[in-house]
Amino acid sequence: MPGLSTTWTAADSTRLYGLDGWGEPYFAINGRGHVIVQPRGDRGGSLDLVELVQGLQGRNLSLPLLIRFDDILEDRLERLNAAFARAIAQYGYAGRYQGVFPVKCNQQRHVVEQLVESGRRWHFGLEAGSKAELLIALSLIDDPEALLICNGYKDQRYIETAILARRLGRQPVVVIEQADEIERIIRASRELGAAPFIGIRAKLSARSTGRWGSSVGDRAKFGLAIPDVLATVEALRQANLLDELRLLHFHVGSQINDIAVLKDALQEAGQIYVELTKLGAPMGYLDVGGGLGIDYDGSRTASAASTNYSLQNYANDVVATVRECCEPHGVPVPTLVSESGRAIASHFSVLVFDVLGTGSVPDAIPPLAESEPLIVRNLRETLAGITALAGGDGDLSGGQPGNPPVHQPGERLVDRLQEAWNDALKFKDDALSAFRLGYLGLPERAMAEQLTWACAAAIAERLPAGPIPDELRALKAALASTYYANLSVFRSAPDTWAIDQLFPLMPIHRLDEEPTRLGHFADLTCDSDGKLARFIGDGQAKPLLELHALREGEPYWIGMFLAGAYQEVMGNLHNLFGSTHAVHIRLAGGGGYQVDHVVRGSTNAEVLEAMEHDPDLLLERLRVASEAAIQRGELKISDARRLMDHLETSLRQTTYLQG
Ligand SMILES: *Cc1c(COP(=O)(O)O)cnc(C)c1O
């Protein structure tokens, strides 16, 4: 193919897929053209992702596979704590940082357990937003210094549970988010003769931007407006509970793109904090919520898929701004708490799925038939005219021997290509009209369509660099292939569908080979929204990704990266595609890896049961039906057995296609 270069290297792929922007320090490409994972970041050790997938397949774990690198989770925690430690040292901050992980970001047992284990060094805690999450947090946190932030709507039982958990040596902080919660806290405290640590979530007036912009401001769903904050302080004072008011909380929404938004919020919250201490509350903690963003496209801009700040910038701003608020008033600086979910959990899991096949336009050139109708001959000649043109450099000097191009001096290649495309479209329309009127048979119409697409492909191959008419540029997209992916977008990447989230997607092998196709992914569901058709590009998302042509008998594996936060729990059972297999991988000594946990994906039986179907009953009905068919002589016994075998095996297997 024209443009196919034999000098394509891993470095070209790194640039093409933006790996140098979003991948560092965890993902890179090795000399074999495979993606490698460096689970401990800069601290050494790497795994060849392709070999890892092969090893997992050898353990009977089929694709699609969610691979969780627990070392990355730990490294993210380490980086977050190190960034705050550096900022605290740099600004001479006379307080500490003590983060919590918001459980809603990824509630999977092994993930939360790993976080609690890795976070022990820093007394890292958990944030819960519901009773079930509270239960997870209460049972997993056994460090008396770790915080357990209780957000979300709370009924009496939730509040009493938090109060009683204090006796277990836990540190739950009940954050008042709604004005009516104060009554329940007072009642529960009277009844139990004990109080919880209390926090207040303030509704800030600072504006945010982007998708979660409405999480702050006067109409935000959560938090107390300033008059309610004051009324709450008074109510606590009267109930003798003001001494338990320890924490001020705010949350400006997920994925803060612009650091300026955070600064405004921090200044406002810092002043509220100071005022609360003046009102007599002991305070001691300022919880800046979540929102620490991920640079999905590596562009380092304030756009939706990026952030215009680094982790260190974030920590510096939190520390410096809070200090600036407290110092002039002689108020001791608080322990800083953050609830970063996305920033901790995005990198550690990689979804690898296989491509089942591709679909392209029918651009094969049909063999020359005897006495072809004029319309078909016209298209053939147009195609010959195009193939006689040289491509790429915009001049018309090259032609093929025996088929000399006829051209006027000064005529440009794009003009010739445009002219040829106009001809092709005209002849194709003629063919369609002739077909409708009955002058052209189905085989001739098929030939006309194939030749038109062949013209389009030949033109696309010859498009020179530089300005090109929109119509010709669109040909490349029209010729793009659909890559059929063995996954459900609704299960594994729901945010791409629900909120146009952009995740880095790329092949994990053949990266030392130039990708010669453009394509997007279609998933297994029977839903036209079930596709991945937005990819990270230079400056803005692009609808097509550079991909390789499939090779006969060889798998083609794609990785979806940075999707460890929110996707699993938001994923749904659309078309009854269930969870994929998930594995927890740890770097082992000596360059290898160990498989710490295997979490089997849902079987067909399980997804059926989730919809109240009884798999045994379904099987029994089919057994009865095949028995009747055997009686009628319509089904052989051996075929009946084969049918029942398939059904029984499918019930035990995952919902995805088996290679
Ligand atoms: C969702 C949420 C978070 C986590 O936000 P991230 O953007 O993932 O860091 C933190 N705090 C509260 C109150 C939340 O609702």
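Let us look at the structure shown here. (Residues numbered from 1 in each chain as written. Predicted model: local features only at pLDDT ≥ 70, side-chain atom pairs only at ≥ 80, totals over all residues. Heavy atoms only, no water.)

Let's shift gears to the site of the ligand. Taken together, the neighbourhood of the ligand is formed by 16 residues, with Lys 104, Ser 254, Glu 339, Gly 341 and Tyr 566 sitting nearest. At 2.8 Å from an oxygen atom of the ligand is found a main-chain nitrogen or oxygen belonging to Gly 341. Tyr 566 is positioned with one of its side-chain polar atoms (N or O) 2.5 Å from an oxygen atom of the ligand. In isolation the ligand exposes 390 Å². Once the protein is present, 91% of that is buried. By residue class, the composition of the shell around the ligand is two nonpolar, nine polar and five charged. (Near = heavy atom within 4 Å. Polar contact = N/O pair within 3.5 Å; in protein donor to acceptor, adjacent residues only side chain to side chain. Areas by Shrake-Rupley, 256 points an atom, 1.4 Å probe, with all protein chains shown as cover. Nonpolar A, V, L, I, M, F, W, Y, C, P; charged D, E, K, R; others polar.)

On the surface, Leu 356, Tyr 484 and Leu 657 cluster together into a nonpolar patch covering about 260 Å² of accessible area. Its location among the elements puts Leu 356 in strand β13 (residues 349-359). By relative accessible area, which is 40% here, Leu 356 ends up partly exposed. (Patch = residues over 30% accessible without salt bridge, like charges linked within 9 Å, V, L, I, M, F, W, Y side chains within 5 Å. Salt bridge = Lys/Arg side-chain N within 4 Å of Asp/Glu carboxyl O. Helix = DSSP H or I, 4+ residues; strand = E, 2+ residues; numbered from the N terminus. Buried < 20%, exposed > 50% of the residue type's maximum accessible area, 1.4 Å probe, protein only.)

Turning our eyes to something else, we now look at the environment of Pro 64. By the element assignment, Pro 64 lies in the loop between α3 (49-58) and β4 (65-69). On the basis of relative accessible area, Pro 64 is assigned to the buried category, the value being 2%. Between the C-alpha atom of Pro 64 and that of Val 233, which follows or precedes it by 169 residues, the distance is 52 Å. Aside from chain neighbours lying at most four places away, what touches Pro 64 is Val 352, Phe 353, Asp 354, Asn 486, Thr 580, His 581 and Tyr 656. (Contact = heavy atoms within 4.5 Å.)

Further remarks concern the pairing of strand β16 (residues 517-522). As paired strands, strand β14 (residues 481-485) and β16 are joined by four bridges and run parallel to one another. Counterpart to Tyr 484 in the pairing with β16 is Ala 522. Bridge count between β16 and strand β18 (residues 545-547): three bridges; the pairing is antiparallel. For Gly 519, the partnering residue across the bridge sits in β18 and is Leu 545. (Pairing = 2+ DSSP bridges.)

Below, the discussion takes up helix α21 (residues 615-631). Taking 1.5 Å as the rise per residue, α21 with 17 residues should run 24 Å; its terminal C-alpha atoms sit 24 Å apart, in good agreement. Every buried residue of α21 is listed here: Pro 615, Leu 619, Ser 626 and Ala 629. Each buried residue of α21 sits inside an arc of 80 degrees when the element is viewed along its axis, so together they form one side. Facing away from the buried side of α21 by over 90 degrees, the exposed positions are Asp 616, Arg 621 and Gln 631. For α21, the elements touching its buried residues are α20 (604-610) and α22 (637-652). (Expected span 1.5 Å × (residues − 1). Arc of directions from axis to C-beta.)

Once that is clear, we can look at the sheet that holds strand β2 (residues 35-37). As summarised here, the arrangement of the three strands in space is β1-β2-β3, forming an open sheet in which the pairing is antiparallel. Bordering the open sheet on either side are β1 (27-29) and β3 (47-48), each of which pairs with just one other strand. Judged from the three bridges that link them, β1 and β2 form a sheet pairing that is antiparallel. Along β2, the bridge assignment pairs Phe 27 with Val 37.

Applying the stated criterion to the full structure yields zero disulfides. Among the cysteines around Cys 326, which has no disulfide bond, Cys 325 carries the closest sulfur, lying 6.4 Å off. (Disulfide = S-S within 2.5 Å.)

Moving on, we get to a negative patch on the surface. A cluster of acidic residues, Glu 606, Glu 609, Asp 614 and Asp 616, forms a negative patch on the protein surface. For Asp 614, the position within the fold is in the loop between α20 and α21. (Lys, Arg positive; Asp, Glu negative; His and termini not counted. Charge placed at Lys NZ, Arg CZ, Asp CG, Glu CD.)

For helix α5 (residues 109-119), the buried fraction is high: eight of the 11 residues fall into the buried class. Residues His 110, Val 111, Val 112, Gln 114, Leu 115, Val 116, Ser 118 and Gly 119 constitute the buried set of α5.

Looking now at the packing of aromatic side chains. Going through the model one piece at a time under the given rule, you end up with 15 aromatic pairs. Between the aromatic rings of Phe 84 and Tyr 97, the centroid separation amounts to 3.9 Å while the plane-to-plane angle is 0 degrees, which identifies the pairing as stacked. With Phe 84 in helix α4 (residues 70-90) and Tyr 97 in the loop between α4 and β5 (100-102), this residue pair connects regions lying 13 residues apart in the sequence. Assessed through its relative accessible area of 1%, Phe 84 is described here as buried. Since its relative accessible area comes to 10%, Tyr 97 is described here as buried. When the centroid spacing of 5.8 Å and the interplanar angle of 80 degrees are considered together, the rings of Tyr 296 and Phe 503 count as edge-to-face. Of this pair, Tyr 296 sits in the loop between β11 (285-287) and α11 (311-326) while Phe 503 sits in the loop between α18 (494-498) and β15 (505-507); the two residues are 207 residues apart in sequence, bridging distant segments of the chain. Following the ring pairs from residue to residue traces out a cluster consisting of Phe 353, Tyr 483, Phe 521, Phe 535 and Tyr 556. For Arg 166, the ring lying beneath its charged end belongs to Phe 197, and the centroid distance is 3.7 Å. Its guanidinium or amino end placed over the ring of Phe 435, Arg 445 lies 4.9 Å from that ring's centre, counting from NZ or CZ. (Phe/Tyr/Trp six-rings, centres within 6.5 Å; stacked < 30°, edge-to-face > 60°. Lys NZ or Arg CZ within 6 Å of the ring centre and 35° of its normal.)

Moving on, we come to the pairing of β13. Along any regular strand, the residues point their side chains to alternate faces of the sheet. When you tally the buried positions in β13, you get eight out of 11 residues, the bulk of the element. Bridge analysis of β13 against strand β19 (residues 557-560) gives four bridges, and the strand direction is antiparallel. Bridge pairing links Asp 354 to Trp 557 in β19. Where β13 meets β14, four bridges bridge the pair, whose relative direction is antiparallel. Bridge assignment links Gly 359 to a residue of β14, and that residue is Thr 482.

Sheet architecture is open: eight strands sit in the order β5-β6-β7-β8-β9-β10-β11-β12, paired in parallel fashion. Of all the strands in the sheet, the pair left with one neighbour each is β5 and β12 (335-337). Each strand of the sheet is rotated relative to its neighbour by a mean of 25 degrees, with strand direction disregarded. The sheet contact formed by strand β10 (residues 245-249) and β11 spans three bridges and is parallel. Opposite Leu 248, over in β11, you have Leu 286 as the bridge partner. Against the sheet, helix α7 (residues 156-165) engages β6 (125-128), β7 (148-150) and β8 (172-176), with an angle of about 150 degrees to β8. Sitting on the sheet, helix α10 (residues 259-278) touches β10 and β11, and the angle it makes with β10 is about 165 degrees. (Axes fitted to C-alpha atoms, helices over the stretch in contact; angles between N-to-C directions.)

A few words on empty space enclosed by the protein. Tallying each qualifying case throughout the model produces one cavity of 30 Å³ or more. Here the largest cavity defines a volume of roughly 40 Å³. Every residue along the wall of the largest cavity is listed here: Val 116, Gly 119, Arg 120, Phe 124, Ile 141, Asp 142, Asp 143 and Ala 146. Looking at the lining of the largest cavity residue by residue, the classes come out as four nonpolar, one polar and three charged. (1 Å grid on protein atoms, 1.4 Å probe; cavity = no way out; pocket = protein on both sides within 12 Å on 5 of 7 lines; lining within 4 Å. Points joined across faces, edges and corners; volume = space filled by probe spheres on them.)

When the charged atoms of two side chains lie near each other, side chains of opposite charge can form a pair. Applying the stated criterion across every chain, the model contains 38 salt bridges. Put simply, Arg 445 and Glu 449 hold a salt bridge, and the shortest N to O gap is 3.0 Å. Highlighted residues: Arg 445 and Glu 449, both in helix α15 (residues 442-462), separated by four residues, approximately one helical turn. The class of Arg 445 is partly exposed, set by a relative accessible area of 26%. Taking the shortest distance from any N to any O, the salt bridge between Glu 513 and Arg 551 comes out at 2.5 Å. Of this pair, Glu 513 sits in the loop between β15 and β16 while Arg 551 sits in the loop between β18 and β19, placing them 38 residues apart in sequence. The class for Arg 551 is partly exposed, based on a relative accessible area of 35%. Because the salt bridges share partners, they merge into one network encompassing Arg 40, Asp 42, Arg 43, Asp 71, Glu 74, Asp 75, Glu 78, Arg 79, Arg 121 and Arg 586.

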